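Listed below, chain by chain, are the residues.
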Amino acid sequence: PLQAFSRRYFEQSSEQVTTQLGYGLEGRYKEQVYRLGHLEFALNQETPSDALHNHHGINVYLSKKIKGNRYQLVAQFMLNDSLRQESQECINAFHKQGIQVHILSGDHHNSVQNIADQLGIKNFKSAQSPEQKLAYVQALQTENREVAMVGDGINDLPVLSGARLSIAMGDASDITKLNSDAVLLNSHMSVLNLAFHSAHRTRKIIKQNMAWAITYNALMLPMAAMGWIPPYFAALGMSISSLVVVFNSLRLKK
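Given the structure is predicted, the values throughout are model-derived calculations rather than measurements.

## A word on the overall build of the protein
Part 1 of the argument: Secondary structure summary: the protein contains nine helices and ten strands in total.
Part 2 of the argument: Here the protein holds 254 residues, and 30% of them are scored as buried.
Part 3 of the argument: Within the protein, contacts between residues separated by at least 24 positions form 37% of all contacts whose residues are at least 6 apart in sequence.
Part 4 of the argument: Put simply, the protein shows about 16,500 Å² of open surface, and 56% of that area lies on carbon and sulfur atoms.

The following block contains the structure:
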């Protein structure tokens, strides 16, 4: 919400606003060029001359163009990220299922590490561009790992498209939802656990149904062909077999 607000305010008060994906915004206000985003982007890769305040939250910097390609820092905004109430339970549930959780974020290292420490997540990357996020996921997939990516921002579009399974949160942007394999109906983290649990149960029941159908047909068809059982009994058994598969599948509704 804070990022969305800063973007709307910047675009409404500025002209010729352009977005540098994963870095920030650049716009013109009263014939002066301003940049809003990461420190490296705001200062055009230059080292700041003044001491900056560091904290565990998100740092957003505003700069203005002074000479050539040089930018001068105007303001520093220090924002704090707060965990969703159900985040810890969601991560704990994944760990119990043997699912490794990784964080890929474009935020500052201190902010990402603080969140990762609170949630007990060992694998995290900070200050990641959309291209770096995609490369990280592709590296995991080359190790034959099944990767599911969860995102909600425009910066997540490349990695969502590259992951084998992509999930968009309920409050994600429309373009993010269009490029995802699945869309959650709300933004509660607990829905992720429910989705994975339901997928696991569905796969288990599919295997049960396949095993039953193969076993039944392997036994009954040869016996019917050899005349050991009457045809009507084989047909009746086939109908009962189909009913067993249907009723077994209905267990998913519980």
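From this point, the discussion proceeds with the structure in view.
## A closer look at the packing of aromatic side chains
Part 1 of the argument: All chains considered together, the criterion is met by two aromatic pairs.
Part 2 of the argument: Consider the rings of F94 and F196, whose centres lie 5.2 Å apart with planes at 75°: the pair is edge-to-face. Placement of F94 in helix α3 (residues 87–96) and of F196 in helix α8 (residues 190–225) is noted, with a sequence separation of 102 residues between them.
Part 3 of the argument: With relative accessibility at 8%, the residue F94 sits in the buried group.
Part 4 of the argument: The cationic tip of R35 hangs over the ring face of F41; the distance from NZ or CZ to the ring centre is 4.5 Å.

## Description of the side chain of S87
Part 1 of the argument: If you trace the backbone, S87 turns up in helix α3.
Part 2 of the argument: For S87, a relative accessible area of 7% translates into the label buried.
Part 3 of the argument: Excluding its chain neighbours within four sequence positions, the residues that come into contact with S87 are L119 and M189.

## Quick look at unusual backbone geometry
Part 1 of the argument: Residue A127 is not a glycine yet carries a positive backbone phi of 50°.
Part 2 of the argument: Following the sequence through the fold, A127 ends up in the loop between β7 (123–125) and α5 (130–142).

## Quick word on the sheet that holds strand β8 (residues 148–151)
Part 1 of the argument: Pairing within the open sheet is parallel, and its three strands lie in the order β8-β9-β10. Both outer strands of the open sheet, β8 and β10 (182–183), are each paired with one neighbouring strand and no more.

Here is what the cut-offs are and how they apply
Residues numbered from 1 in each chain as written. Predicted model: local features only at pLDDT ≥ 70, side-chain atom pairs only at ≥ 80, totals over all residues. Heavy atoms only, no water. Helix = DSSP H or I, 4+ residues; strand = E, 2+ residues; numbered from the N terminus. Buried < 20%, exposed > 50% of the residue type's maximum accessible area, 1.4 Å probe, protein only. Contact = heavy atoms within 4.5 Å. Areas by Shrake-Rupley, 256 points an atom, 1.4 Å probe, with all protein chains shown as cover. Phe/Tyr/Trp six-rings, centres within 6.5 Å; stacked < 30°, edge-to-face > 60°. Lys NZ or Arg CZ within 6 Å of the ring centre and 35° of its normal. Pairing = 2+ DSSP bridges.

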